[in-house]
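An overview of the molecular structure
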Amino acid sequence: MEESRELMKIMLKLLSRTCNHLVEQLRRITLYDRYQKIASFLLHETSYPDPDRGVTRTSIPYTQEELGISLGLNRVTVTRVLNEWKEQGIVSTSYKKIRILNRDYLIILIRPVPYETNLCEKIR
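Presented here is an overview of the structure given in this document. (Residues numbered from 1 in each chain as written. Predicted model: local features only at pLDDT ≥ 70, side-chain atom pairs only at ≥ 80, totals over all residues. Heavy atoms only, no water.)

1. What about a positive patch on the surface?
Our working rule: Patch building starts from residues that exceed 30% relative accessible area and form no salt bridge, then joins like charges within 9 Å and nonpolar side chains (Val, Leu, Ile, Met, Phe, Trp, Tyr) within 5 Å. Every accessible area reported is derived by Shrake-Rupley at a probe size of 1.4 Å, with residue values counting cover from the shown protein chains alone. Take a side-chain nitrogen of Lys or Arg and a carboxyl oxygen of Asp or Glu: if they are within 4 Å of each other, that pair is a salt bridge. We score Asp and Glu as negative and Lys and Arg as positive, and we do not count His or the chain ends. Note that the charge is assigned to NZ on lysines, CZ on arginines, CG on aspartates and CD on glutamates. The helix count covers DSSP runs of H or I at least four residues long, the strand count covers runs of E at least two residues long, and both are numbered beginning at the N terminus.
Taken together, Arg5, Lys9, Lys13 and Arg17 make up a surface patch of like positive charges. Looking at where lysine 9 falls in the secondary structure, it is placed in helix H1 (residues 5-31).

Next up, the structure:
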């Protein structure tokens, strides 16, 4: 790495992506409900388009079964969420393809709720 600055940049980029991926996985497992898990996965996967895998900025080549396995969710749960979103125009699905139609909706869905400083006073 000392001899090649380019190689060092590539390695650090890969390490950074791996770290971000692991943080996102932990967040999904511990904090998110089924809607947020799916939204987070779709957004994260499409953030890094990969033509070799068939991933674009707006779609991923996954079946609903594969998506469920990746997220630790039942396929039926994934199907229900995606069907809801299809009716709302947020995603479209076809065999082995899930396309994001409304990225902003998914971003808002996983955005953390702002911390409320006067919450203790409201409880009293």
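2. Examining the sheet that holds strand S3 (residues 97-100)
Adjacent strands of a sheet pair through backbone hydrogen bonds, lying either parallel or antiparallel. What counts here: Whether two strands pair comes down to DSSP finding at least two bridges between them.
Judged by pairing direction, the sheet is antiparallel, and its 3 strands sit side by side in the order S1-S3-S2 without closing on themselves. Of all strands in the sheet, those with a lone pairing partner are strand S1 (59-60) and strand S2 (91-94), marking the two edges. Taken together, the 2 bridges between S1 and S3 define a ladder with antiparallel strand orientation. Looking at S3, one finds that isoleucine 60 is bridged to isoleucine 98.

3. A closer look at the packing of helix H2 (residues 34-47) against helix H4 (residues 75-88)
Between two packed helices, what matters for the description is the angle formed by their axes and the separation of those axes. Applied cut-off: Here an axis means a line fitted to C-alpha atoms, over the contact stretch when the element is a helix, while the angle between two N-to-C directions is reported on a 0 to 180 degree scale. Should an angle fall under 35 degrees it is taken as roughly parallel, and over 145 as roughly antiparallel, whereas 65 to 115 is taken as roughly perpendicular and any remaining angle as oblique. The contact definition used throughout considers only heavy atoms, calling two residues in contact when any of these lie within 4.5 Å. Note that Gly is not counted as nonpolar here; it falls among the polar residues with everything else outside the nonpolar set of Ala, Val, Leu, Ile, Met, Phe, Trp, Tyr, Cys and Pro and the charged set of Asp, Glu, Lys and Arg.
Between H2 and H4, whose axes approach to 10 Å, the crossing angle comes to 75°. With respect to H4, the element H2 is oriented roughly perpendicular. Contact residues: H2 offers Arg34, Tyr35, Ile38, Ala39 and Leu42, while H4 offers Thr77, Val78, Val81, Leu82, Glu84 and Trp85. A per-class count over the contact of H2 with H4 returns 8 nonpolar, 1 polar and 2 charged.

4. So, the environment of arginine 34
Filter applied, for reference: Relative accessibility decides the category of a residue: with a 1.4 Å probe and only protein chains considered, values under 20% of the type maximum give buried, values over 50% give exposed, and everything between is partly exposed.
Looking at where arginine 34 falls in the secondary structure, it is placed in helix H2. Among the residues examined, arginine 34 registers a relative accessible area of 41% and is labelled partly exposed. Through-space distance from the C-alpha of arginine 34 to that of leucine 71 is 8.9 Å; in sequence the pair is 37 residues apart. Once residues lying within four places of it in the same chain are set aside, the contact partners of arginine 34 are Leu73, Thr77 and Val81.

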